[in-house]
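This is what each chain is made of:
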Amino acid sequence: MVILNDKKTLGFLSYKYHIRPTAHRLYGAPNSTSKHHQNVQRILRILALEGIMTTWDMAKIRFAPDSDKLRTKEKEYRRLINGRNDRGRYSEGIIDLGLILIDSKSTKRNPGNRYRLSLFGILYCLDVLNFSNKEIDTLAKNYKNLLPLIFGKWGFLKSLIGEEVYNISFLGKGLLFDNPNIIRIENIKFYELISFFNIKSNSVSQSLNEQKIGELISIWFYVTLLFFPNLRVKTKKNEDAHLRKILRKDTELKNWFSNFITEARTFYEERYKILESISFI
């Protein structure tokens, strides 16, 4: 089981404007022919589809019968993840960018750090690794307690909205609608909710850990992807139909999302009172 990291972490804007573009530059496009890019992407894919692993376990996936190749590959994976010092110059590893975290220590015959994807690592994998729907199912199973309100309810969501659930891959591109003021949004309910979400996420950006980031990603998912049943189709009919269907059938989600709506209402009511109190005459 994944162990949540309670250390301070970066916010969504850091992912969109720093982590994601830096990872694209360092680790390449999905079809890159660079050996370095392919090795890094292979590590990310292994952790996505296999879950928490040591570098030894990762190497065994490819070279279990060949001990010499296994040791060589394990050292390579360890350098790629943790970085390396070469003639006094340090080269950053995947862990330095925050896509991978140390989850725990292995107590097996070959002890070592057990690694996993971070929440931003999950988003990045959804962005670049061209997962099939079946692979996203596996990712959800491996990391369900990182995103309990999404991955922890994956089967339930699929039973209600089918393949629409796989629109989660859109989130890997970074915070959608992060500036509603420059994007034309005709649905006023969605506009107000996503505007408040951005205000909320920015207001807590100095005190974020994995649990809080996971909660924000969950709000982001339900507001953005389920308010609009299909982001690929231009429609104004029943724009929140999927979200209503889900909340009617899951009390936990209903209560949790209701708290978010209450927060939004309180925020806008207080803003209105402030504006009402302004007078220059």
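All values derive from a computational prediction rather than experimental measurement.

1. Section: the overall build of the chain
And then number 1: Looking only at helices and strands, the chain has twelve helices and four strands in total.
And then number 2: Counting all 281 residues of the chain, 47% fall into the buried class.
And then number 3: Of the contacts made within the chain by residues no fewer than 6 positions apart, 63% connect residues no fewer than 24 positions apart.
And then number 4: Approximately 15,800 Å² of the chain is accessible, and the part contributed by carbon and sulfur atoms is 50%.

2. Digging into the pattern of salt bridges
And then number 1: Summed over the entire model, instances satisfying the criterion amount to 14 salt bridges.
And then number 2: For the salt bridge of aspartate 127 with arginine 20, the shortest nitrogen-to-oxygen distance reads 2.8 Å. Note that aspartate 127 is positioned in helix H6 (residues 119-128) and arginine 20 in helix H1 (residues 12-27), a separation of 107 residues in sequence.
And then number 3: Here aspartate 240 ties to lysine 189 by a salt bridge, and the two come within 3.4 Å at their closest N and O atoms. Note that aspartate 240 is positioned in the loop between helix H10 (210-227) and helix H11 (241-249) and lysine 189 in helix H9 (residues 188-203), a separation of 51 residues in sequence.
And then number 4: According to the relative accessible area criterion, lysine 189 is partly exposed, its value standing at 44%.
And then number 5: When salt bridges that share partners are traced, they join Asp103, Arg114, Arg116 and Glu210 into one network.

3. Observations concerning the packing of H10 against H11
And then number 1: Contact geometry for H10 and H11: axes closest at 7 Å, N-to-C directions at 130 degrees. Judged on the interaxial angle alone, H11 and H10 are oblique. Between H10 and H11, the contacting residues are Tyr222, Leu226 and Phe227 on the first element and His242, Leu243 and Ile246 on the second.
And then number 2: Here the contact of H10 with H11 is built from residues that sort into five nonpolar, one polar and no charged.

4. As for empty space enclosed by the protein
And then number 1: With the rule as written, the count across this model stands at one cavity of 30 Å³ or more.
And then number 2: In terms of lining residues, the largest cavity is bounded by Leu119, Ile122, Leu123, Leu126, Leu147, Ile168, Leu171 and Ile217.
And then number 3: Of all the elements, H6 adds the most residues to the lining of the largest cavity, at four residues.

Parameters at a glance
- Residues numbered from 1 in each chain as written.
- Predicted model: local features only at pLDDT ≥ 70, side-chain atom pairs only at ≥ 80, totals over all residues.
- Heavy atoms only, no water.
- Helix = DSSP H or I, 4+ residues; strand = E, 2+ residues; numbered from the N terminus.
- Buried < 20%, exposed > 50% of the residue type's maximum accessible area, 1.4 Å probe, protein only.
- Contact = heavy atoms within 4.5 Å.
- Areas by Shrake-Rupley, 256 points an atom, 1.4 Å probe, with all protein chains shown as cover.
- Salt bridge = Lys/Arg side-chain N within 4 Å of Asp/Glu carboxyl O.
- Axes fitted to C-alpha atoms, helices over the stretch in contact; angles between N-to-C directions.
- Parallel < 35°, antiparallel > 145°, perpendicular 65-115°, else oblique.
- Nonpolar A, V, L, I, M, F, W, Y, C, P; charged D, E, K, R; others polar.
- 1 Å grid on protein atoms, 1.4 Å probe; cavity = no way out; pocket = protein on both sides within 12 Å on 5 of 7 lines; lining within 4 Å.
- Points joined across faces, edges and corners; volume = space filled by probe spheres on them.

Remember that the coordinates give geometry; whether it matters functionally is a separate question.
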